[in-house]
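# Structural overview
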2 protein chains.
Amino acid sequence: MDYSETLLFQCVSAHDCSRMLECMKAQKRSFYAGEEIYSFDTARKSVGILLNGQAAVVRYEYNGTRSILENLSPKSIFGEDLSFIPSGDSCIAVVCQTDCQVLFIDYQRLTRTCQNACSCHTQLIRNLLQLLSDKTRALSERVEVLSQRSIREKLMCYFMQLAAGKNSNTFELPFTMIDFADFLSVNRSAMIRELGKMKKDGLIQISRRTITLL
Amino acid sequence: MDYSETLLFQCVSAHDCSRMLECMKAQKRSFYAGEEIYSFDTARKSVGILLNGQAAVVRYEYNGTRSILENLSPKSIFGEDLSFIPSGDSCIAVVCQTDCQVLFIDYQRLTRTCQNACSCHTQLIRNLLQLLSDKTRALSERVEVLSQRSIREKLMCYFMQLAAGKNSNTFELPFTMIDFADFLSVNRSAMIRELGKMKKDGLIQISRRTITLL
DNA sequence: TATATTCTGTTGCTTTTGCAACCTTTTTGT
DNA sequence: ACAAAAAGGTTGCAAAAGCAACAGAATATA
């Protein structure tokens, strides 16, 4: 994997990359599907870059409900802000959906310019800034969806975000229905019932995970 | 106002501050209570620092409902990530609750080192990084509250956040009940009804806006 | 100090959502 | 190719939340 393809190392040459990774003592690790990559209980202050595979940030509530906070694809970064601090009785973790490889970098080493004061470190921080902006943006969109008051409004809001992102009225849901309901924080069968009504009302077309806004 | 007291200019000397503000062509403006500081329609790519007064980031929905996305106190920064991009028919704005003074800084000028390549600009970027982290954290907390499935769970989740923040089981709500309901995205009377039940069930004590977790 | 306005709190009724149980279809593993 | 597991989908019933209308308390304004 060419690290300079990842957003964090954007605009850093491959040579500088490997030098910096060594300087920051980055570590690569492998995980199996279903395994827990990162638990925010243990709160290791490092960021992870998903090199390949699929994973998700999930929260498990005391009462057994589960919420999907974020879907991670290759090159996604997670944990970069020590965010997702679990409060009280919930527990947040990054869980592999398929086999994964992850690169860990210590947060302190990442944000302070190293002793060698490599100039590329400035670029790294600028990239981190961009990533954080993107994340804030994603979270804002999430808040927008969740602050809708009915299931139908939540669905429409999210569909419009997907459509805007793809510049098309037809798009694929990046979830199973079970995960989608957890993402919207609503009951699965109530959600499917509502999808049926929306179809009947001529708002959407839907077949499996392909959706078209009308 | 001493700008080096603001989080963005933390660890920058007062002298460097004023030099940089000039270099970045920062502008100070005043607003009256109720006025709109910043509309994300117009999307001016600048960040604002609230120097004094109280303001809030609100979203107005097509159907007339309103959601409070964030409360802003003096020294708060907003707009720093071009986030809150309104989708479709909603409109997001920063609205003054009292008279306010705001400092605007162009985002481009802020994130690129200026021609003079002042060393303190590095500090500025590091501060921005910290602010973005904080914001991500705040948004994550917001998502945590909103992804609770019942009004009672939303309330308890938020109360626990407040209690954790103040290190005390007693705290003041920073909202009127109307705004609080908008913040939680629930119906006001349903919320007040639930607060009554929670009091009856011995979960909380409440008198006006002072709440104690039991 | 009187009056208007905004905020707080209640209640009955309606709609929405959640829950549980069940069946069908699709995917996975051997 | 078959069995087992997971995902998709339906329904009746119960619980929760929304809505609207109203009344009392607090605050602002003249």
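Here, every reference points to the structure presented above.
So, a few notes on the structure that sits alongside this text. Worth saying up front: this structure is predicted, and the values here are computed from it rather than measured.

### Some thoughts on helix H3 (residues 120–146) of chain B
- Over its 27 residues, H3 of chain B runs 39 Å from end to end, which matches the ideal 39 Å to within 8%, given 1.5 Å per residue.
- Burial analysis of H3 of chain B places 19 of its 27 residues in the buried class, the great majority of the element.

### A short note on the packing of aromatic side chains
- Taken as a whole and judged by the stated rule, the model has 16 aromatic pairs over all chains.
- With a centroid separation of 6.5 Å and an interplanar angle of 75°, the aromatic rings of phenylalanine 31 of chain A and phenylalanine 104 of chain A are classed as edge-to-face. Residue phenylalanine 31 of chain A is found in strand E1 (residues 27–31), and its partner phenylalanine 104 of chain A is found in strand E8 (residues 100–106); the two are separated by 73 residues along the sequence.
- Taking the centre distance of 6.3 Å and the plane angle of 25° together, the rings of phenylalanine 159 of chain B and phenylalanine 180 of chain B count as stacked. Here the residue phenylalanine 159 of chain B occupies a position in helix H4 (residues 151–166), and phenylalanine 180 of chain B occupies one in helix H5 (residues 177–184), the gap between them amounting to 21 residues. Assigned by exposure class, phenylalanine 159 of chain B and phenylalanine 180 of chain B land together as buried.
- Members of the aromatic cluster, connected to one another through ring pairs, are Tyr158, Phe159, Phe171, Phe175, Phe180 and Phe183 of chain A.

### Brief notes about the nonpolar core
- Membership of the largest hydrophobic core comes to 46 residues, with the highest contact counts inside it found for Leu8, Phe9 and Ile105 of chain A together with Leu8, Phe9 and Ile105 of chain B.
- Here phenylalanine 9 of chain B is in contact with Tyr3, Ser4, Cys17, Leu21, Met24, Ile49, Ile105, Leu124 and Asn127 of chain B, once residues within four sequence places are set aside.

### Looking at the protein's contact with DNA strand D
- With respect to spatial proximity, 18 residues lie near DNA strand D, and among them Met177 and Arg188 of chain A together with Ser150, Ile151 and Asn187 of chain B are the closest.
- Across the atoms of DNA strand D situated within 4 Å of the protein, the share located in sugar and phosphate is 54%.
- Interatomic distance of 2.9 Å between a side-chain N/O atom of arginine 188 of chain A and a base nitrogen of DNA strand D.
- Contact between DNA strand D and isoleucine 151 of chain B: a phosphate oxygen at 2.6 Å from a main-chain N or O atom of the residue.
- Contributions of two or more residues to the surface near DNA strand D are made by helix H5 (177–184) and helix H6 (188–200) of chain A together with helix H6 (188–200) of chain B.
- Of the residues assigned to the surface near DNA strand D, the class counts are six nonpolar, five polar and seven charged.

### Some remarks on the packing of helix H4 (residues 151–166) of chain A against H6 of chain A
Residues and elements named next belong to chain A.
- Running from amino to carboxyl end, H4 crosses H6 at an angle of 75°, the nearest separation of the two axes being 10 Å. The pairing of H4 with H6 is recorded here as roughly perpendicular in orientation. Residue-level inspection shows Ile151, Arg152, Leu155, Met156 and Phe159 of H4 in contact with H6, the latter providing Ala190, Met191, Glu194, Leu195, Lys197 and Met198.
- Classifying every residue of the contact of H4 with H6 by side-chain character gives eight nonpolar, no polar and three charged.

### Examining unusual backbone geometry
Residue and element names in this part refer to chain A.
- Positive phi, close to 80°, is recorded for lysine 75, a residue that is not glycine.
- Positive phi outside glycine occurs at asparagine 167, with the angle close to 55°.
- Relative to the elements of secondary structure, asparagine 167 occurs in the loop between H4 and strand E9 (170–172).
- A residue is classified by how much of its surface remains accessible, and asparagine 167, at 73% relative accessible area, is exposed.

### Points about the layout of surface pockets
- If you add up the space inside the largest pocket, you get close to 1300 Å³.
- Per-element accounting of the lining of the largest pocket gives the leading share, ten residues, to H3 of chain B.
- Residue composition of the lining of the largest pocket, by class: 18 nonpolar, nine polar and 13 charged.
- Taken as a whole, the second largest pocket spans an internal volume of roughly 1100 Å³.
- Taken together, 35 residues form the lining of the second largest pocket, with Glu70, Asn71, Ala138, Glu141 and Tyr158 of chain A sitting closest to its centre.
- At the level of secondary structure, the elements contributing two or more residues to the lining of the second largest pocket comprise strand E5 (66–72), helix H3 (120–146), H4 and H5 of chain A.

### Digging into the pattern of salt bridges
- Throughout the structure, instances matching the rule amount to nine salt bridges over all chains.
- Where lysine 135 of chain A meets glutamate 70 of chain A, a salt bridge forms, and the shortest distance between an N and an O atom there is 3.5 Å. You can see lysine 135 of chain A sitting in helix H3 and its partner glutamate 70 of chain A sitting in strand E5, a full 65 residues away along the chain.
- Ionic pairing is found between glutamate 194 of chain B and arginine 152 of chain B, a salt bridge with its closest N-O pair at 2.8 Å.

### Description of the environment of asparagine 52 of chain B
Residue and element names in this part refer to chain B.
- Mapped onto the fold, asparagine 52 is located in strand E3 (residues 46–52).
- When its relative accessible area of 35% is taken as the criterion, asparagine 52 is described as partly exposed.
- Spatially, the C-alpha atoms of asparagine 52 and threonine 6 are 11 Å apart, while their sequence positions differ by 46 residues.
- Aside from chain neighbours lying at most four places away, what touches asparagine 52 is Pro74, Asp99, Cys100 and Gln101.

Conventions and cut-offs
- Residues numbered from 1 in each chain as written.
- Chains lettered and ligands numbered in written order.
- Predicted model: local features only at pLDDT ≥ 70, side-chain atom pairs only at ≥ 80, totals over all residues.
- Heavy atoms only, no water.
- Helix = DSSP H or I, 4+ residues; strand = E, 2+ residues; numbered from the N terminus.
- Expected span 1.5 Å × (residues − 1).
- Buried < 20%, exposed > 50% of the residue type's maximum accessible area, 1.4 Å probe, protein only.
- Phe/Tyr/Trp six-rings, centres within 6.5 Å; stacked < 30°, edge-to-face > 60°.
- Core = buried A, V, L, I, M, F, W, Y, C linked by side-chain atoms within 4.5 Å.
- Contact = heavy atoms within 4.5 Å.
- Near = heavy atom within 4 Å.
- Polar contact = N/O pair within 3.5 Å; in protein donor to acceptor, adjacent residues only side chain to side chain.
- Nonpolar A, V, L, I, M, F, W, Y, C, P; charged D, E, K, R; others polar.
- Axes fitted to C-alpha atoms, helices over the stretch in contact; angles between N-to-C directions.
- Parallel < 35°, antiparallel > 145°, perpendicular 65-115°, else oblique.
- 1 Å grid on protein atoms, 1.4 Å probe; cavity = no way out; pocket = protein on both sides within 12 Å on 5 of 7 lines; lining within 4 Å.
- Points joined across faces, edges and corners; volume = space filled by probe spheres on them.
- Salt bridge = Lys/Arg side-chain N within 4 Å of Asp/Glu carboxyl O.

Take it as geometry only, folks, not as evidence of what the structure does.
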